[in-house]
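Architecture and fold: a report
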Amino acid sequence: MSIQTVGVIGAGTMGNGIAQACAVSGIAVVMVDISQQAVDKGLATVAGSLDRLIKKEKMTAAAKDAALARISTSTDYAALKGAQLVIEAATENEALKIKILQQLDTMLPAQTILATNTSSISITKLAAATQRADRFVGMHFFNPVPMMALVEIIRGLQTSDATHDAVAALAVTLGKTPVTVKNAPGFVVNRILVPMINEAFFVLAEGTATPEDIDNAMKLGCNQPIGPLALADMIGLDVCLAVMNVYMAEFNDSKYPPCPLLKEMVAAGWLGRKTGRGVYTY
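Values in this document were obtained by computation on a predicted structure and should not be read as measured data.

**Some thoughts on the pairing of strand β7 (residues 150-155)**
Pairing of strand β6 (residues 136-141) with β7 involves four bridges; the strand directions are antiparallel. Within the sheet, the bridge partner assigned to M139 lies in β7 and is I153. One ladder, built from six bridges, connects β7 with strand β8 (residues 177-182); its direction is parallel. Along β8, the bridge assignment pairs R155 with K182. The β-α-β motif built from β7, the intervening helix α6 (residues 161-173) and the parallel element β8 has right-handed crossover chirality.

What follows is the structure, encoded as structure tokens:
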């Protein structure tokens with residue numbers, strides 16, 4: 001299948017990032033959210049991101065205008081009927097995702113591929129909630145989408161080869177490198193990354209080193225561009241905790257307990273950059 005138009009559900013950080021990546025690569029986009037205010041904000045975020053590229057001389061003003069012209073917005077799912085692929089990029093909440101996917105499933109043409117941008121929820125389970133499980137796949141983009149080169153292509157048990165191949169080809173068109181992953185909690189990156197972040201919280205809770213020294217040690221000793229605690233603040237401590245809870249439930253393995261300090265900070269509402277305070281104060 002040749003994907004010429006992509007629908008994106010959600011105009012937030014991930015949704016507008018996916019929309020930008022598509023539009024810059026010559027793909028038409030329909031970005032949908034629940035309110036006009038939300039889609040307007042998402043479109044403004046894309047425009048601001050493209051302006052920064054112009055200032056860095058990585059894009060011309062004409063290319064920006066062309067990219068923005070490829071993005072249409074709506075608050076109505078009916079606007080997605082012309083898309084060959086619809087990517088759900090709503091909040092990481094299983095019940096919400098299933099509700100959205102089932103609504104899409106009933107009104108989209110039978111041949112349309114449905115994808116979900118999830119970091120931990122079972123693709124097989126989400127696919128089973130639709131009537132097009134063979135045309136359902138995970139596309140895990142990374143934040144910030146326009147800059148990050150990786151897309152995890154997650155195959156549910158039911159995902160067809162044709163579906164996998166179509167979205168992998170799209171990822172290449174977007175300038176990304178697709179990595180094919182079997183359905184498993186956390187897939188590849190988060191399966192390795194989030195337990196490392198959780199372990200950093202244990203090291204912090206034990207008083208082994210200060211947050212700054214923990215992050216500097218991992219940056220200088222492991223050549224990481226950002227330390228695990230600063231990264232947790234960027235991701236959101238609530239998201240990190242939610243992922244660890246998924247691992248604990250799905251694997252039933254004692255190596256995945258969320259750090260009590262992480263749980264305590266989430267309970268306090270110290271979620272990182274988005275609340276102004278996490279491990280660090282912003």
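Now that the structure has been shown, the text picks up again.
**A short note on the packing of aromatic side chains**
This structure, assessed with the given rule, holds three aromatic pairs. An aromatic cluster of three or more residues is present, and its members are Y247, F251 and Y256.

**Describing the layout of surface pockets**
As a volume, the largest pocket reaches approximately 1,600 Å³. Taken together, 44 residues line the largest pocket, and the ones lying closest to its centre are T13, M14, N143, I235 and V239. Those elements that place two or more of their residues in the lining of the largest pocket are α1 (13-24), α4 (94-107), β6, α7 (189-205), α9 (228-235) and α10 (237-251). Its residues placed into classes, the lining of the largest pocket shows 27 nonpolar, twelve polar and five charged. Empty space within the second largest pocket amounts to approximately 600 Å³. In terms of lining residues, the second largest pocket is bounded by 26 residues, among which Q20, S49, R52, P144 and P146 are the most central. Elements represented by at least two residues in the lining of the second largest pocket include exactly α1 and α2 (36-55). Classifying every residue of the lining of the second largest pocket by side-chain character gives ten nonpolar, ten polar and six charged.

**With respect to a positive patch on the surface**
The grouping of R52, K55, K56 and K58 at the surface amounts to a positive patch. As for its position among the elements, R52 is in helix α2.

**Let's talk about the sheet that holds strand β1 (residues 5-9)**
A sheet is described by the order of its strands in space; here eight strands give the open sequence β3-β2-β1-β4-β5-β6-β7-β8, paired in mixed fashion. The sheet is open, and its two edges are formed by β3 (71-74) and β8, each paired on a single side. Strand-to-strand twist of the sheet, defined as the mean angle between neighbouring strand axes without regard to direction, takes the value 25°. Helix-sheet contacts for α2 involve β2 (28-32) and β3, and the interaxial angle to β3 is about 160°.

**With respect to helix α11 (residues 260-267)**
Side chains that are three or four residues apart share a direction in an α-helix, a result of its 3.6 residues per turn. Those residues of α11 lying buried are L262, M265 and V266. Along the axis of α11, the buried residues cluster in a sector spanning 100°; they form a single face. With respect to the buried face of α11, the exposed residues turned more than 90 degrees away are P260, E264 and A267. Against the buried residues of α11 lie α7 and α10. Positive phi shows up at G269, right after α11, with a value of about 85°.

Thresholds, definitions, all that
Throughout, residues of each chain are indexed from 1 in the direction in which the sequence is written. The model is predicted, so local features are restricted to residues of pLDDT at least 70 and side-chain atom pairs to those at 80 or more, both for listing and for counting; the totals for chains, interfaces and linings are taken over all residues. Excluding hydrogens and water, the side-chain values take into account all heavy atoms of the structure. In this scheme, strands are said to pair when DSSP sees at least two bridges between them. Runs of H or I in DSSP of at least four residues are treated as helices and runs of E of at least two as strands, each being numbered from the N terminus. Note on handedness: a crossover is taken as right-handed if, strands pointing away from the viewer, the path from the first strand over the helix to the second is clockwise. Any Phe, Tyr or Trp ring, taking Trp's six-membered ring, that has another such ring centre within 6.5 Å forms a pair; planes under 30 degrees apart are called stacked, those over 60 apart edge-to-face, and the others tilted. Space inside and on the surface of the protein is sampled on a 1 Å grid over the protein atoms alone, with a cavity defined as a set of points where a 1.4 Å probe fits but cannot get out and a pocket as an open set with protein on both sides within 12 Å along at least 5 of 7 lines; lining residues have an atom within 4 Å of a point. Grid points are joined across faces, edges and corners, and a volume is the space filled by probe spheres set on the points. Here the term charged refers only to Asp, Glu, Lys and Arg, the term nonpolar to Ala, Val, Leu, Ile, Met, Phe, Trp, Tyr, Cys and Pro, and the term polar to all other amino acids, Gly among them. Put simply, a patch holds well-exposed residues, over 30% relative accessible area, that have no salt bridge, with like charges counted together within 9 Å and Val, Leu, Ile, Met, Phe, Trp or Tyr side chains within 5 Å. With residues, only the protein chains shown are counted as cover, and all accessible areas are computed by Shrake-Rupley using a 1.4 Å probe. A pair is scored as a salt bridge if a Lys or Arg side-chain nitrogen falls within 4 Å of a carboxyl oxygen belonging to Asp or Glu. Charge convention: Lys and Arg are scored as positive, Asp and Glu as negative, and His as well as the terminal groups of each chain are ignored. Each charge is placed at NZ for Lys, CZ for Arg, CG for Asp and CD for Glu. To obtain an axis, a line is fitted to C-alpha atoms, over the contacting stretch when the element is a helix, and the angle between two such axes runs from 0 to 180 degrees between their N-to-C directions. The contact criterion used is simple: two residues touch if any of their non-hydrogen atoms lie within 4.5 Å. Burial status follows relative accessibility: with a 1.4 Å probe on protein chains alone, a residue under 20% of its type maximum counts as buried, one over 50% as exposed, and anything between as partly exposed. Within this analysis, the arc is defined by the directions that extend from the helix axis to the C-beta atoms.

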